[in-house]
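These are the residues of each chain, in order.
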Amino acid sequence: MKTVWRLLSVAMVLAMVLSLAGCGKNEEGQKEKSGPFEMTLNGVTYDLSMDLPELIGKFEENDVFVCHSSTFYQLGKRGVYKQSSGFRPDMEKARVDVWAELFIKEDLPDDLEANRNMYSETRIIVSPDNACSYSVGKAIGGEMRDLSGYFNLDEDTYNETINETIYKLNADDTVAEAFKTLDATCMAEGFWYNSFWRNGCIAAVYFDRKQVDLGKYAVEDAKAFMESRKKVGLAPMGETIGRLVQINYQSGNTIGVQYEELIDCLSTVQLMNLKREMAVLNATYKGIEKAKKGEIHTVYVVRVDEGGSLHIQMYRKNGKILVCTPEDDECLYTWQ
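Quantities reported herein were computed from a predicted structural model and do not represent experimental measurements. (Residues numbered from 1 in each chain as written. Predicted model: local features only at pLDDT ≥ 70, side-chain atom pairs only at ≥ 80, totals over all residues. Heavy atoms only, no water.)

Student: When you look at the side chain of threonine 165 in this model, what are you seeing that I'm missing?
Tutor: Mapping threonine 165 onto the fold places it in helix 4 (residues 155-167). Judged by relative accessible area, threonine 165 falls into the buried class, the value being 0%. Polar side-chain contacts of threonine 165 include one of 2.7 Å to the backbone oxygen of isoleucine 162. (Helix = DSSP H or I, 4+ residues; strand = E, 2+ residues; numbered from the N terminus. Buried < 20%, exposed > 50% of the residue type's maximum accessible area, 1.4 Å probe, protein only. Polar contact = N/O pair within 3.5 Å; in protein donor to acceptor, adjacent residues only side chain to side chain.)

Have a look at this one:
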């Protein structure tokens, strides 16, 4: 009888071990799927590591309208459709905006092949509206209608904390504490809050499938960083330059100023915000360099803005670009 009980005890222990092992695999599998390389839109999962034309083709197959975010012309697997009627405000189907550089053959940069992953930078933009729902990983989802939903703070505390990072004139402990509060209470793990990008956002950077620690890419000297980036190209810095120009114009300086000199017109708090954005940009540049060397394949910058829209910037080694091909009967621009 004792032997039977011993056997039963051993069997129960083995069952528990196997059960725990199975749970571990499942959790690991879920963790593996939580990166920005997969997006679920209206219940369909899209692999963002696909080449962009194939990814757009899959959107088309699932009746998602894809358009260029500046022209609103329809994008397809081949390129930008000539015959498309473009986006209509009354369109009820799910919509994804894609921002990509448009080149004509004569304007292609000489160093295109050497820097293709920089020139092939593409941004997918999904707005939270009634036509579609999205999710990226565990924490980013279209059910959030504004940025405040991503913080474990009540509405009043959230607004007060955000205001500390925007309207304070001096870099004091209050501003630094506000950043700490926002970083600590953000439910999207590893994302940093920054009010310098457009109207504010949370952001994270991924090399292939791995999220990077933005703290390791901190920028101490903003002007020196911008000067160094200007020498090698400013492709990922367009939004930042636009914001600097806007602030410079509002301060009354309207005559030609070098990009790096625009920093001089910032308040101390604006400079603190700029440095947080530059940590994102620094990580992006370092990722692009790794891609050029073949150490990684893709760089993702994932953001959610104040209005709840999702922005995924993708830099892909050997990525496709849109080139004007007027001789083509179907497409004005094709992926090359």
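Student: What exactly am I supposed to notice about the sheet that holds strand 8 (residues 134-136) here?
Tutor: Adjacent strands of a sheet form backbone hydrogen bonds with each other and so pair up, either parallel or antiparallel. If you trace the four strands from one edge of the open sheet to the other, you get 2-1-8-9, paired in antiparallel fashion. Each having just a single partner strand, strand 2 (44-47) and strand 9 (140-141) make up the two edges of the open sheet. When strand 8 meets strand 9, the two strands line up antiparallel, connected through two bridges. Considered in strand 9, the bridge of serine 135 is made with glycine 141. (Pairing = 2+ DSSP bridges.)

Student: Can you walk me through the nonpolar core in this structure?
Tutor: Soluble globular proteins tend to bury their nonpolar side chains together. With 49 residues, the main nonpolar core has Ile140, Ile202 and Leu310 as its most contacted residues. By residue number, the principal contributor to this core is helix 2 (residues 52-61), which donates four residues. Cys201, Tyr217, Leu266 and Tyr315 belong to the second largest nonpolar core, which has 34 residues in total. (Core = buried A, V, L, I, M, F, W, Y, C linked by side-chain atoms within 4.5 Å.)

Student: Which parts of the structure should I look at to understand the pairing of strand 13 (residues 298-305)?
Tutor: Two faces belong to every sheet, and in a regular strand the side chains alternate between them. A large share of strand 13 lies buried, amounting to eight of its eight residues. Of the two faces of strand 13, both are covered, the one formed by Thr298, Tyr300, Val302 and Val304 as well as the one formed by Val299, Val301, Arg303 and Asp305. Once strand 13 ends, the chain turns through four residues before running back antiparallel as strand 14 (residues 310-316), passing glycine 308 with a positive phi of about 90°.

Student: What's the story with the pattern of salt bridges in this structure? I'm lost.
Tutor: For side chains bearing opposite charge, pairing can occur when the charged atoms are close. Applying the stated criterion across every chain yields a total of 13 salt bridges. Where lysine 105 meets glutamate 327, a salt bridge forms, and the shortest distance between an N and an O atom there is 3.7 Å. One end of the pair, lysine 105, is in the loop between strand 6 (102-104) and helix 3 (116-119); the other, glutamate 327, is in the loop between strand 15 (322-324) and strand 16 (331-335), and 222 residues separate them in sequence. The class of lysine 105 is partly exposed, set by a relative accessible area of 43%. Aspartate 183 is the salt-bridge partner of arginine 276, the closest N and O atoms lying 2.8 Å from each other. Of this pair, arginine 276 sits in helix 8 (residues 268-292) while aspartate 183 sits in helix 5 (residues 173-185), placing them 93 residues apart in sequence. Taking relative accessible area as the criterion, arginine 276 reaches 11% and is therefore assigned buried. (Salt bridge = Lys/Arg side-chain N within 4 Å of Asp/Glu carboxyl O.)

Student: Mind showing me how you'd approach the environment of leucine 147 here?
Tutor: Relative to the elements of secondary structure, leucine 147 occurs in the loop between strand 9 and helix 4. The exposure class of leucine 147 is buried, given its relative accessible area of 0%. Remark: the alpha-carbon pair of leucine 147 and serine 309, spanning 162 residues in sequence, is separated by 8.8 Å. Excluding anything up to four places from it in sequence, leucine 147 contacts Tyr158, Tyr193, Gly200, Cys201, Ile202, Val304, Asp305, Glu306 and Gly308. (Contact = heavy atoms within 4.5 Å.)

Student: Just checking my understanding: could you explain the packing of helix 7 (residues 238-250) against helix 8 for this structure?
Tutor: For any two helices packed against each other, the geometry comes down to the angle between their axes and how far apart the axes lie. Contact geometry for helix 7 and helix 8: axes closest at 11 Å, N-to-C directions at 165°. Judged by the angle between their axes, helix 7 and helix 8 are roughly antiparallel. When you trace helix 7 past helix 8, the crossing you get is left-handed. Each of Thr240, Leu244 and Ile247 in helix 7 lies in contact with helix 8, whose residues at this interface are Gln270, Leu274, Glu277 and Leu281. Tallied by class, the residues present in the contact of helix 7 with helix 8 amount to four nonpolar, two polar and one charged. (Axes fitted to C-alpha atoms, helices over the stretch in contact; angles between N-to-C directions. Parallel < 35°, antiparallel > 145°, perpendicular 65-115°, else oblique. Left-handed = near helix turned anticlockwise from the far one by under 90°. Nonpolar A, V, L, I, M, F, W, Y, C, P; charged D, E, K, R; others polar.)

Student: It is not clear to me how helix 6 (residues 222-232) should be interpreted in this structure. Could you clarify?
Tutor: Each full turn of the α-helix corresponds to 3.6 residues, which orients residues three or four apart in the same direction. When helix 6 is considered as a whole, its buried residues turn out to be Ala222, Phe225, Met226 and Arg229. Taken down its axis, helix 6 places every buried residue within 95° of arc, on the same side. Buried residues belonging to helix 6 abut helix 7 and helix 8. The N-cap residue of helix 6 is aspartate 221: its side-chain oxygen and the backbone nitrogen of lysine 223 are 3.2 Å apart. Just downstream of helix 6, glycine 233 is the residue with a positive phi angle, here 115°. (Arc of directions from axis to C-beta.)

Student: How do you make sense of the sheet that holds strand 16 when you look at a structure like this?
Tutor: With mixed pairing, the four strands of this open sheet are ordered in space as 4-16-15-6. In this open sheet, the two edge strands, each paired with only one partner strand, are strand 4 (79-81) and strand 6. The average undirected angle you get between the axes of adjacent strands in this sheet is 30°. Bridge count for strand 6 against strand 15 is three bridges, and the pairing is parallel. When the bridges of strand 15 are listed, isoleucine 104 appears paired with cysteine 324.

Student: I keep staring at the packing of helix 4 against helix 5 and nothing clicks. Help me out?
Tutor: Where helix 4 contacts helix 5, the two axes come as close as 9 Å, and the packing angle between them is 130°. As judged from the angle between their axes, helix 4 and helix 5 are oblique. Helix-helix and strand crossings are classified by hand; for helix 4 and helix 5 the assignment is left-handed. Together, Thr161, Ile162, Glu164 and Thr165 of helix 4 and Thr174, Val175, Ala178, Phe179, Thr181 and Leu182 of helix 5 make up the contact between the two elements. Residue classes in the contact of helix 4 with helix 5 are distributed as five nonpolar, four polar and one charged.

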